[in-house]
Amino acid sequence: MTEEVYTRKPRTGLYALIAVIVAALIAGYFLLNGGDDSEAAEGDGPNAGQTINIVGFAVPEAANKAIAGAFTKTEDGRGVKFKTSYGASGDQSRAVEGGLKADYVHFSVATDVDRLVKAGLVDANYDQGENKGIVSSSIVVLGVRKGNPKNIQGWDDLIKPGVGIVTANPASSGAARWNALGAWTHITENGGSEADATQFVDALFKNVVSLTNSGRDATTSFLEGNGDVLIAYENEAILAAQNGESFDYVIPDTTFKIENAGALLKEHAPAAEAWLDFVISDEGQKQFALKGFRPIRDDVDFGGTVEGAPDPQHPFPTVKHLVTLDDIGGWAAVKDKLFGDGKDGAPVGIVTKSIEKSGKATQ
Amino acid sequence: MTRTSGIGLGVAVLWFSLLVLIPLSAVVVTTTEGGWANFWRTITNEQTAHAIRLTVLAAVVVTVVNVFSGTAIAWVLVRDRFPGKALLELIIDIPFALPTIVAGLVLLSLYGNDSPLGLHLSNSSWSVYLAFAFVTLPFVVRMVQPVLEELDLDVEEAAASLGASRFTTFRRILLPSLAPAIAAGAALSFARAVGEYGSLVLLSGNLPFKSEVASVRILSAIENDNPAGAASVATLLLLVSLLVIVVLDVVQRKVAQRG
């Protein structure tokens, strides 16, 4: 048999299509990445010419961009350039651990920074400053369909029969652990025992209809018609509304405070220090607020109006009972207890088990 | 061995090693770091085992479907003349070209709860079959098509003139020539399905014991800083794929010999 037997007739149309797609991808790449360089303002500040590599989770990309814009207008920021990389929090953390160049990291959960501390890349004291290693903040909210047809008012409504829940999976998305903590502490911080909380979390996961691998996927799934309730973050709901994908949301009486960690790597460009100071300054926090994050200090003046919030004049209503990580003893106290995956024969976490049980019940 | 063929072999082995052999070995090595006990515990975890079973079952079913539908599509594309054929030729490759996450979005909007077709397949195990079928559609078609194009009609006519029925002609004349291509397409189709992730995560809802696939379990293990666990599932899938490829090759040789 000669080789010609397997030779295909050239399909010019197909090649043309491929060429177009490749060209579009290349053009798209330059358009997207070109944006980062254009943030650099001309000038000769003390840090001019330095490049700060930001590696972060996906959600604060818009806010960080706005902060970078403001930073380059300050004395310390003039002439500083940025290179940025955004993705799933855990993936980004593992990428930095694996050698991705970073000066400053911004992750959804502090455990992703702890991974870098363990790897010797971030100073163990990163959380000893005034901001305790926290650079942005939000709360867990319950997204509902327009007009709230199932009359969802709080966590207890989620376990009623017939309510379908969409949430990112706390087992595969570190960021989704805030959601599970919200459900868990709704019981434990209101006088319930851990057994009660376990029962509640079991019931909650039984109502889950879609368990996505990221918060973004959960929002997409919800907007495409899945479920009645989306366990989400307030800042994501506001940002979605700013991007024309609004959904109503309810703030439960008891809910959890989301605290996103930020840190400098041990080896960083000198300008990165000024950058971190700027991020946690009132000006930096104002930019976060405008994109839907709650400022890390109550006295930050962000102008009072946040577009995309249900009431832009009062974007961040006071939560009756806001539970924080400090209240429950920090990540160390809950990481394995709730989310352990049974590695090396360790006991499986309560939430991990709830997720497993939820599937068996419907089998 | 001539000098040039030696260079050719060297380049081929180097390229193959860099891209395939070394990464695959790394996966297996990572698995062994966790030890046999960890491997066994990981793959016998009920949730993981169910995810692996669903993945392999769906991959097998979809591959079998592809063997028939793919060969039929290739037949139509080669032997029939009809308006819009050129367009169909082009569209067949779209599952190749489309980024899988885009494919997932398309599938979700078509077969999700807001389905304009009235088909609600999201968050069920059907969604896994659907996503696999979508991304693997072109493999058998594209493997069989060029072979079919080069087959001489004379041979079939000769068989017919000697009194062979259409079925006998197909079984004794066509099938043995097509078998290697069908088997190669089936192997590609199975391997792709077993590792599929992007196109189904949005549609399937990743519900444990229902629509969760092996790649999602791998992701969960990685997220929990359990690379040995992730590698264990990957190694098992690797072994299953290898087995399927070997079985397909044996079957293909048997069928080809009957010609």
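The rules behind the values
Residues numbered from 1 in each chain as written. Chains lettered and ligands numbered in written order. Predicted model: local features only at pLDDT ≥ 70, side-chain atom pairs only at ≥ 80, totals over all residues. Helix = DSSP H or I, 4+ residues; strand = E, 2+ residues; numbered from the N terminus. Buried ≥ 20, exposed ≤ 12 C-beta atoms within 10 Å, placed from the backbone. Contact = placed C-beta atoms within 7 Å. Domains from an automatic or database assignment. Core = buried A, V, L, I, M, F, W, Y, C linked by C-beta atoms within 7 Å. Nonpolar A, V, L, I, M, F, W, Y, C, P; charged D, E, K, R; others polar. Pairing = 2+ DSSP bridges. Axes fitted to C-alpha atoms, helices over the stretch in contact; angles between N-to-C directions. Parallel < 35°, antiparallel > 145°, perpendicular 65-115°, else oblique. Left-handed = near helix turned anticlockwise from the far one by under 90°. pLDDT = per-residue confidence, 0-100.

Asker: Please provide a residue-by-residue account of the overall build of chain A, values included.
Answerer: On a plain count of helices and strands, chain A comes out with twelve helices and ten strands. Out of the 363 residues in chain A, the part that is buried amounts to 46%. For chain A, restricting intrachain contacts to residue pairs at least 6 apart in sequence, the fraction spanning at least 24 positions comes to 73%.

Asker: Describe in detail the overall build of chain B, supporting the description with residues and values.
Answerer: A count of helices and strands for chain B gives twelve helices and zero strands. Along the three orthogonal principal directions, the C-alpha set of chain B runs to about 65 × 60 × 30 Å. Evaluated residue by residue, chain B yields a buried proportion of 40% over its 259 residues. For chain B, restricting intrachain contacts to residue pairs at least 6 apart in sequence, the fraction spanning at least 24 positions comes to 81%.

Asker: Could you give an account of the domain arrangement of chain A, naming the residues involved and the relevant values?
Answerer: All names here are of chain A. Looking at the assigned domains, one finds that chain A contains domain 1 (12-136 + 259-290) and domain 2 (138-258 + 318-361). Every contact between the two is made by 14 residues of domain 1 and, on the other side, 14 residues of domain 2. When residues of the side of domain 1 that touches domain 2 are traced back to their parent elements, those giving at least two are helix H3 (89-97), helix H4 (110-118) and strand E9 (254-264). Looking at the side of domain 1 that touches domain 2 element by element, the count peaks at three residues for H4.

Asker: Kindly report on the nonpolar core, identifying the contributing residues and their values.
Answerer: Formed by 94 residues in total, the largest nonpolar core has its most connected members in Ile52(A), Val105(A), Val113(A), Val141(A), Val201(A) and Trp275(A). Both of domain 1 (12-136 + 259-290) and domain 2 (138-258 + 318-361) of chain A provide at least three residues apiece to this core. Each residue touching Val141(A), except ones within four places of it in the same chain, is listed here: Ala232(A), Tyr233(A), Glu234(A), Ala237(A), Tyr249(A), Val250(A) and Ile251(A). In this structure, Ala59(B), Leu107(B), Leu121(B) and Leu219(B) belong to the second largest nonpolar core, which totals 58 residues.

Asker: Quick one: what's the story with the interface of chain B and chain A, residue by residue and with numbers?
Answerer: In this assembly, 33 residues from chain B lie in contact with 36 residues from chain A. Among the elements of the structure, helix H2 (35-44), helix H4 (85-91), helix H6 (100-111), helix H7 (125-150), helix H10 (198-204) and helix H11 (214-223) of chain B are those that each provide at least two residues to the side of chain B that touches chain A. For the side of chain B that touches chain A, the element with the highest residue contribution is H11(B), accounting for five residues. For the side of chain B that touches chain A, a count of residues per class yields 13 nonpolar, 13 polar and seven charged.

Asker: Account for helix H7 (residues 215-223) of chain A, with residues named and values stated.
Answerer: Where burial is concerned, most of H7(A) is hidden: seven out of the nine residues are buried. Burial in H7(A) covers these residues: Gly215(A), Asp217(A), Ala218(A), Thr219(A), Thr220(A), Ser221(A) and Phe222(A). Tucked into the core, H7(A) has its buried residues touching strand E4 (134-144), strand E5 (165-168), strand E6 (208-212), strand E7 (229-233) and helix H8 (234-242) of chain A together with H10 of chain B. Remark: Gly225(A) follows H7(A) within two positions and exhibits a positive phi of approximately 105°.

Asker: Tell me about unusual backbone geometry, and name the residues and values.
Answerer: All names here are of chain B. Of note, the phi angle at Asn123 is positive, near 60°, even though the residue is not glycine. Residue Asn123 is classed as buried on the basis of its 25 C-beta neighbours within 10 Å. Backbone geometry at Asp225 places phi at a positive 55°, although glycine is not the residue there.

Asker: Run through the pairing of E4(A), naming residues and quoting values.
Answerer: All names here are of chain A. In terms of residue burial, E4 counts as a mostly covered element, since ten of its eleven residues are buried. Summarising the sheet, E4 and E9 pair through five bridges and their orientation is antiparallel. If you follow Ile139 over to E9, its bridge partner there is Lys257. Here five bridges tie E4 to E7, and the two strands are oriented antiparallel to one another. From the neighbouring strand, Val144 faces E7, where its bridge partner is Val229.

Asker: Break down the packing of H7(B) against helix H9 (residues 166-194) of chain B for me, with residues and values.
Answerer: Residues and elements named next belong to chain B. Between H7 and H9, the least distance of the axes is 8 Å, while the angle of their chain directions is 160°. Here H7 lies roughly antiparallel to H9, going by the angle between them. The two elements H7 and H9 meet at a crossing, and its hand is right-handed. Together, Phe132, Val135, Thr136, Phe139, Val140, Met143, Val144, Val147 and Leu148 of H7 and Ser177, Leu178, Ala181, Ile182, Ala184, Gly185, Ala186, Leu188, Ser189, Arg192 and Ala193 of H9 make up the contact between the two elements.

Asker: An account of H4(A) is requested, with residue identities and associated values reported.
Answerer: By the burial criterion, the buried members of H4(A) are Ala110(A), Asp112(A), Val113(A), Asp114(A) and Leu116(A). Of the residues one or two after H4(A), Gly120(A) is the one with positive phi, at around 80°.

Asker: An account of the environment of Ala191(B) is requested, with residue identities and associated values reported.
Answerer: Residues and elements named next belong to chain B. The residue Ala191 is located in helix H9 in this model. The exposure class of Ala191 is buried, given the 21 C-beta atoms found within 10 Å. In this structure, the C-alpha to C-alpha distance between Ala191 and Val64, residues 127 residues apart in sequence, is 13 Å.

Asker: Would you mind going over the pairing of E6(A) in detail, with residue names and values included?
Answerer: Residues and elements named next belong to chain A. Of all five residues in E6, five are buried; the element is thus mostly enclosed. In terms of strand pairing, E5 meets E6 through four bridges, oriented parallel. Bridging across to E6, Val166 finds its partner in Ser210.

Asker: Run through the confidence of the model for chain B, naming residues and quoting values.
Answerer: Across chain B, the average pLDDT comes to 88, with 99% of residues at 70 or higher. Across the whole predicted complex the pTM is 0.80, and at the interface the ipTM reaches 0.77.

Asker: Tell me about the environment of Asn148(A), and name the residues and values.
Answerer: All names here are of chain A. Looking at where Asn148 falls in the secondary structure, it is placed in the loop between E4 and E5. The partly exposed category is assigned to Asn148, around which 16 C-beta atoms lie within 10 Å. The sequence separation of Asn148 and Asp248 amounts to 100 residues, and the corresponding C-alpha distance is 7.5 Å.

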